[in-house]
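# Survey of secondary and tertiary structure
Each chain, letter by letter, is given below.
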There are 4 protein chains.
Amino acid sequence: MLSELKKEVCAANRALETSGLVKLTWGNVSGIDRASGLWCIKPSGVPYAELTLDDLVVLDLDGKIVEGRLRPSSDTRTHLHLYREFADIGGITHTHSPYATIFAQASRELPCYGTTHADHFFGTVPVARSLTKAEIDHDYEHHTGVAIVECFHKLRLKPLEMPAVLQACHAPFTWGKNAKDSLNNSIALEMCAQMALGSLQLDPTLSAIPAHVLQKHHDRKHGREAYYGQKQQAPHEWR
Amino acid sequence: MLSELKKEVCAANRALETSGLVKLTWGNVSGIDRASGLWCIKPSGVPYAELTLDDLVVLDLDGKIVEGRLRPSSDTRTHLHLYREFADIGGITHTHSPYATIFAQASRELPCYGTTHADHFFGTVPVARSLTKAEIDHDYEHHTGVAIVECFHKLRLKPLEMPAVLQACHAPFTWGKNAKDSLNNSIALEMCAQMALGSLQLDPTLSAIPAHVLQKHHDRKHGREAYYGQKQQAPHEWR
Amino acid sequence: MLSELKKEVCAANRALETSGLVKLTWGNVSGIDRASGLWCIKPSGVPYAELTLDDLVVLDLDGKIVEGRLRPSSDTRTHLHLYREFADIGGITHTHSPYATIFAQASRELPCYGTTHADHFFGTVPVARSLTKAEIDHDYEHHTGVAIVECFHKLRLKPLEMPAVLQACHAPFTWGKNAKDSLNNSIALEMCAQMALGSLQLDPTLSAIPAHVLQKHHDRKHGREAYYGQKQQAPHEWR
Amino acid sequence: MLSELKKEVCAANRALETSGLVKLTWGNVSGIDRASGLWCIKPSGVPYAELTLDDLVVLDLDGKIVEGRLRPSSDTRTHLHLYREFADIGGITHTHSPYATIFAQASRELPCYGTTHADHFFGTVPVARSLTKAEIDHDYEHHTGVAIVECFHKLRLKPLEMPAVLQACHAPFTWGKNAKDSLNNSIALEMCAQMALGSLQLDPTLSAIPAHVLQKHHDRKHGREAYYGQKQQAPHEWR
C-alpha cells in the first residue's frame, strides 16, 4: 500500500538526520496520497538510520491507523489537522532545527531579508501563538495544528505561498507539494533563520527587502511563468 | 565481567567524538550495574577511536579499581560521588561541549526557553558553584561531585527530572537511567544551550516558557502516561 | 567540445555542495574559454551530486546556447554580462553561502580586517546596489550584472584584484582566473565574512588593517614578485 | 633522513584540514629534531590531501634548505625564528582557524575563562603586536617571529606554559613539545576562542577564572605530579 509514497517519506525522514536538521529523534516527515486520503508518518522515537518502509504508520484523514505495527509520531495529530485544513499540501516536516527554533523560542517572526528567503517563502514567516493551559491539557498536538491554521486564516496566508510557520515556545513546521518539498522548505527555513540572525547582528533595525524584489523571486520560481529548474520550459525557450 | 555494560559504555564514549560533542580527549562516559555496585569508565587520555572494551576501568562504589590495566579518567572521583549520592542514575557523561560550556564559563544557568528543553530537563538547568582553594587543593574531583550534589539538595532537584548541571568555570555533567541516556542528555543540553544563546541574542530579556507547557512536555515523555516513543503503549492505544 | 573546461566547471559545481557553501541548488559555477568565446555553466535546479559533463550548458558571448539539452542556470545572464565586461576573468561562482549573504542582506560592505582577507581581496569587498523595479521587471539577471559592473567602475576596482562582490538583498558573486579560482574565492569570502562578523562582535568599531599590511599580503601572493605557492620561483630561490 | 619526524609532520599537516581548522591551504605544521638541528615543514600552497613525505622541506637552523624539491611554506622564516628563540619547543602549527583569528583580528587577548583553557594555556593567551611598515617591507615573516618573541619576553612567558599567541591583524601560532602537540594546541585554542566569544556574549564583563583553579588545572596535566593521561603513573597509584 502506498509504496511510492512510503519510499519518499522514508527517504525524507532519513534526510532529517543526514542534513543536520535534527539531533536524536527530534523531527518527523509525513506525506499524503490525496486520491485515497491516506497518509503516512514516521513512528515515534525510532532512530532515522534504522527506519524502514514497514515502520511507517499509515492513517486516514479521520486519524485512524490503517497500517503499521508501531505507534505514530507524537506530533501525528498536528499533521492530521494540517492535512485536513490545508487542502493543497502534500507533505509536512517538523524539526527542532536550531536557528528556526531560536526564532520560535523568542516568538519572533522571520521577515524576508533577502532573495534566499524570497525564493521559498512569500513574505514574513509567521509565529503561531503558544497554547492555553486548557488546549495543552486536552489533545495538545491537535491544538498545535489549530493554532497554526488560526494564524494562517488571520493573516490570510496561502499555505503553498508560505510553507512554514514558527510555533511560539516550540519549533518550526514546514510543508509543501509533497514530502520532499516540505523537507526542502525546512532546509531553506533553517538557512534563512541563520542568515537573519547574522544580518540582525550587523543591523538590529534591518528592514525586509522591497516588495518588488520579493514578488519577482516568488514568481521566478513559483509563478505562472516560472523559469527556475527544468520542468516548465524547454532550454531553447530560455531567452 | 559486565560485558553488556562495557559495550554500552564503550559505544557511548566513542559517540562523544562522532557526535561532535568533544575535541581531543575532553570527555568521558561511565555506566553502573546497580545490582553488583560495579561501574566502568573511560581510561584517562585514550583517543576515542582506539578505545576497546578491555581499556575500560571497572571500579566499585568505594572507588577501588577491580579490573583494568589503565588509569581511569581524571574525573573518576566526580562520577563516583554522583553514583553514591544519586541512587537512581545509571550512567554519567562529562563533556566540554562548546555551547553548554559557554553557559558554565559565564556561571549562567540555562532557563527552559522551549519544548526541546522541556522534553529533557524539567526546568532551569542549574549552575553548581566553583570550588574553594581548599577543595581544589585536596581531592579536587571529589569536591566537584560534592558541589553538584549540594546544588541539587539546595534546589530540591531530583536527578532524573533534571539530568544535567553546569559547573561554574568548568563544563557540564549529565546523567540518566543508563550510559546511553546520559549521552543523549549531553546532546540535548548542547542543543538547548546553543538555541538559548541565539534566542537571548534576539531577546535579552526572554522569559522561560509557561509552567503548564513545561509540565506537559515533561509528562508526555517521562510521566506515568507518557506517550512518546514505542515502549509505554501499543499503537492501537495511540488515540 | 571544451572537455577540459567542462571537467573543471563540473568539479567546481560539485565542490559547492561538498565544501558546505551551498544547500539545495543555491549556487552555480561557470568557466570560459576566451580563445573561442565559449563558456559553460551549470543547468538550473540540477542536484550537484548528479551533475555530469553532458548536463553543462555551453553558450557563446551573445548568450546563445550552442550545446546542451537542459536549461542553463537562472543566473546565466548575470554571468554573461560579467564575462563581457570583465575581460580578464575566466570563471565565476555564485552562492548563497551564509556569512557572505549575512553581509549582503544587511547591505554591508566587508572591510579587510586581517591577512586572510588581504591574501584574497585587495581592500573592502563592495556592495552592489539592489535593483529598481524597472530593472527587475525586465531582464532581471542581466541587470544584476549591470549593477555589479557599475559598482566596479564607480569604485575603480580591478576585477582580478577584487574578485568578489556582495549584491544588496541578495548574495555574493566571486570570480577568478578560472572556474576553480572563482570557487576558491567563494570559500575565502565566506571565511572572511564569518571572521569579520565575530571580530565586529568583539569590537563594533574595528578598523581595517593598515594599508601597508594589505599591500604586502596582496603582493606576496599576486604581485610581480609573488612567493606564495610553487609556480613563480624554484625552491633554491626561496631566501 | 628524519623519517619518523616527517611522518608525524605530514600527519599533522593533513589533520589541519580533516580537523576543520583550515580551508584551502591556510596553515602549516613543522617539527624539529633538536639533536641534529634539522627541521621540516610543509611546502607552500600544496593541498593537504596530496601531501607526501617527500614533499616536506628539510631545513637547518640557519634556514638553509638541506632536502626537498619544493619551496617551503611562506611562513618558514617565522617558524625558524621561533625554533631559534624558544629552545624547548619541538613543533609549531600556524592556522587561520576562524575563532582564534576573530580574536587576532580584533587585537584582543584571550583570558582564561574556564578549565578547558586552563588545561592547555597557563593564563591569558597574548597578542603579539602588528608589524611596522619597515618590518613588513624587509623580511616580513622573520619579523613576525621577532614580534612574537618580543611579546613573550616582555610578558615573561614560558613557551611551553603558554604554547600559543595571537598575532594582531593576522592569526594564531601554537607550538608544543612536538608537531602533534602543537596541532593539539591549535585545536584547543580554537575551541577556547569559540567558547570565550560565546561567554562574552552572555557576560561582556566576564572575569578570568580564579588563580587557584588555573594553577590546579595546569598542574594536573603538566605539573610534576600530573595525573592526566596514562604516562606518569601506573593505574594502581591512581588514588
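Here we summarise the structure given alongside this text. (Residues numbered from 1 in each chain as written. Chains lettered and ligands numbered in written order. Predicted model: local features only at pLDDT ≥ 70, side-chain atom pairs only at ≥ 80, totals over all residues. Heavy atoms only, no water.)

### A look at helix α3 (residues 98–105) of chain B
- α3(B) sits mainly inside the fold: eight of its eight residues count as buried.
- For α3(B), every residue scored as buried is listed here: Pro98(B), Tyr99(B), Ala100(B), Thr101(B), Ile102(B), Phe103(B), Ala104(B) and Gln105(B).
- The inward-facing, buried residues of α3(B) contact β7 (164–167), β8 (172–176) and α7 (179–202) of chain B together with α4 (115–118) and α7 (179–202) of chain D.
- One or two residues past the end of α3(B) sits Ser107(B), with phi positive at roughly 50°. (Buried < 20%, exposed > 50% of the residue type's maximum accessible area, 1.4 Å probe, protein only. Helix = DSSP H or I, 4+ residues; strand = E, 2+ residues; numbered from the N terminus. Contact = heavy atoms within 4.5 Å.)

### Things to note about helix α7 (residues 179–202) of chain C
Residue and element names in this part refer to chain C.
- The end-to-end C-alpha distance of α7 is 35 Å, a good match for the 34 Å that 24 residues give at a rise of 1.5 Å each.
- Within α7, 20 of the 24 residues are buried, which leaves it mostly tucked inside the rest of the structure.
- The N-capping residue of α7, defined by a side-chain oxygen 3.2 Å from the backbone nitrogen of lysine 180, is asparagine 178. (Expected span 1.5 Å × (residues − 1). Polar contact = N/O pair within 3.5 Å; in protein donor to acceptor, adjacent residues only side chain to side chain.)

### Points about the interface of chain C and chain A
- Contact residues are listed per partner, giving 41 residues for chain C and 36 residues for chain A.
- Summing both sides of the interface, chain C and chain A together bury roughly 3,500 Å²; the carbon and sulfur share of this comes to 58%.
- Joining chain C to chain A, the criterion identifies two salt bridges.
- Among the salt bridges present, the one from Arg220(A) reaches Glu141(C), with a minimum N-O distance of 2.6 Å.
- Inspection of the chain C/chain A interface yields nine residue pairs in polar contact (both at pLDDT 80 or more). (Buried area = accessible area lost by both parts, 1.4 Å probe. Salt bridge = Lys/Arg side-chain N within 4 Å of Asp/Glu carboxyl O.)

### A look at the packing of α7(C) against α7(D)
- Direction vectors running N to C along α7(C) and α7(D) enclose 45°, while the axes themselves pass 11 Å from each other. By the angle between their axes, α7(C) is oblique relative to α7(D). The two elements α7(C) and α7(D) meet at a crossing, and its hand is left-handed. Note on element contacts: α7(D) touches α7(C) through Leu197(D), Leu200(D) and Gln201(D), opposite Gly198(C), Gln201(C) and Leu202(C).
- Of the residues belonging to the contact of α7(C) with α7(D), the class tally is three nonpolar, three polar and no charged. (Axes fitted to C-alpha atoms, helices over the stretch in contact; angles between N-to-C directions. Parallel < 35°, antiparallel > 145°, perpendicular 65-115°, else oblique. Left-handed = near helix turned anticlockwise from the far one by under 90°. Nonpolar A, V, L, I, M, F, W, Y, C, P; charged D, E, K, R; others polar.)

### Structural notes on the relation of the copies chain C and chain A
- Superposing chain C onto chain A requires a rotation of 90° together with a translation of 0.0 Å along the rotation axis, leaving an RMSD of 0.0 Å. Considering both components of the superposition, the chain copies are consistent with a four-fold axis. Residue Gln201(C), judged by its C-alpha, is the member of chain C lying nearest the rotation axis, at 5.8 Å.
- Interface overlap between copies: only 2% of the residues of chain C at the interface are likewise at the interface in chain A, consistent with a contact formed by different surfaces. (Least-squares fit on C-alpha atoms with pLDDT ≥ 70 in both.)

### Focus on the interface of chain D and chain C
- Across the contact, 41 residues belong to chain D and 36 residues belong to chain C.
- For the pair chain D and chain C, the two sides together bury roughly 3,500 Å², of which 58% comes from carbon and sulfur.
- It is Trp26(D), Arg71(D) and Gln105(D) that lose the most area in chain D upon contact with chain C, and together they represent 23% of the buried surface on that side.
- Counting the contacts that link chain D with chain C gives two salt bridges.
- One salt bridge connects Arg220(C) with Asp75(D), and the closest N-O pair in it is separated by 3.9 Å.
- Counting residues per element, the ones that place at least two in the side of chain D that touches chain C are α2 (76–85), α3 (98–105), α5 (133–137), α6 (140–154) and α7 of chain D.
- Looking at the side of chain D that touches chain C, its residues break down into 19 nonpolar, 13 polar and nine charged.

### With respect to the sheet that holds strand β6 (residues 127–128) of chain D
All names here are of chain D.
- Spatial strand order, β4-β3-β2-β1-β5-β8-β7-β6: eight strands in an open sheet with mixed pairing. Where the open sheet ends on each side, the last strands, each with one partner, are β4 (65–67) and β6.
- Where strand β2 (residues 38–41) and strand β3 (residues 57–59) come together, three bridges link them in antiparallel fashion. Bridge pairing links isoleucine 41 to valine 57 in β3. (Pairing = 2+ DSSP bridges.)

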